[in-house]
Structures are given as structure tokens and as C-alpha cells.
Amino acid sequence: MAENSLLRNVLIAVRFIVFGVFGFVVTIFAFVTLVDRLTSVHHANGYLAPLGLIAISGLGAVMMLFGVGEWGRWGYLFVFLSFPVSLLLLFLLPHAGKDAGAIVPTLAAVGTYIVVRTYYSRRKRPESSAAPHQT
């Protein structure tokens, strides 16, 4: 039994590193490339490159979803995609300081996580206020 739990823990750690961390890197890289592509003056790659980068960013978010063991709970995609969206908002605000570069994405992810976790905990609870059947 101990061997199975040790093997299971090792597989969970490998899944987290391979899919979770690598998915985060893929999402952030695709997002940074997308922002660079959309804000550059030269559009040599054509018009399909931004669509491909958006798809790659979504793929990275789905990889993170699998890596953290929340497959099937699609609401957690909002948590993972809150990082690039909050970074985009920081990029658009010219007077944001260097300290806001770490605080804003963290607050966005934590806030989104609280909302999504509350949503799933409410879905899990049985309906106690159901109307009784009248005969």
C-alpha cells in the first residue's frame, strides 16, 4: 500500500511539473508574444498569427487545468487566464509602478480563485430549500 501511495504522489508531482508548470510557461509566452505582435508596427507574419497565439494560450491553460488535477472543472480556466488578462491591464496603464507588476496578477488570480471555488462549493451542496411534495 505504501508503494502505491508513493508512486501515486510521484506521478502527481510529475503531472504537475510537466503539465502545470509547462502550461503556465506556454500561456505566458504565447500571451507576451501576442501583445508584442499586436503592438508592433511591422505585421510581417500575417493576420492569422494572433489567432494561433490565442489558441496556444488556451492550450496552455488547459494543460494547467490537467496539471493541477482539476480536469472537468472548467471554471478554473478563469483563474489561469486571469494572469495574462491582468498583465494586459497593467500594460495598458502607463502609470502603474513596478510593485503593481506582481500584486495585480496575484490579486486577480486569488480573487478569481475565491469566486470559482465558491461556485463549485455551492454546486456540490444538496438543495435544502427544495419545495416539499404535496399529495
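Residues numbered from 1 in each chain as written. Predicted model: local features only at pLDDT ≥ 70, side-chain atom pairs only at ≥ 80, totals over all residues. Heavy atoms only, no water.

Q: Any chance you could explain the overall build of the protein chain here in plain terms?
A: A tally of regular secondary structure across the protein chain gives four helices and zero strands. Starting at the N terminus and walking to the C terminus, you meet the elements of the protein chain as α-α-α-α. Counting over 135 residues, the protein chain shows a buried share of 24%. Across the protein chain, contacts joining residues at least 24 apart in sequence account for 60% of those joining residues at least 6 apart. Accessible surface, the protein chain as shown: approximately 10200 Å² in total, 70% of it carbon and sulfur. (Helix = DSSP H or I, 4+ residues; strand = E, 2+ residues; numbered from the N terminus. Buried < 20%, exposed > 50% of the residue type's maximum accessible area, 1.4 Å probe, protein only. Contact = heavy atoms within 4.5 Å. Areas by Shrake-Rupley, 256 points an atom, 1.4 Å probe, with all protein chains shown as cover.)

Q: Got a minute to help me understand the packing of helix α2 (residues 49-67) against helix α3 (residues 76-92) in this structure?
A: Helix packing geometry: the angle between the two helix axes and the distance between the axes. Where α2 meets α3, the closest approach of the two axes is 9 Å, and the angle between their N-to-C directions is 125 degrees. When the axes of α2 and α3 are compared, the pair comes out oblique. Relative to α3, the crossing made by α2 is right-handed. Here S57, A61, V62, M64 and L65 of α2 lie close against α3, whose contacting residues are Y76, L77, F80 and L81. Residues belonging to the contact of α2 with α3 are distributed by class as follows: eight nonpolar, one polar and no charged. (Axes fitted to C-alpha atoms, helices over the stretch in contact; angles between N-to-C directions. Parallel < 35°, antiparallel > 145°, perpendicular 65-115°, else oblique. Left-handed = near helix turned anticlockwise from the far one by under 90°. Nonpolar A, V, L, I, M, F, W, Y, C, P; charged D, E, K, R; others polar.)

Q: Whenever I open this one, the environment of T33 confuses me. Can you help?
A: Of note, T33 is situated in helix α1 (residues 2-39). The exposure class assigned to T33 is partly exposed, which follows from its relative accessible area of 28%. For the pair T33 and I54, spaced 21 residues apart in sequence, the C-alpha separation works out to 9.9 Å. Of note is the side chain of T33, whose polar atom sits 2.8 Å from the backbone oxygen of F29. (Polar contact = N/O pair within 3.5 Å; in protein donor to acceptor, adjacent residues only side chain to side chain.)

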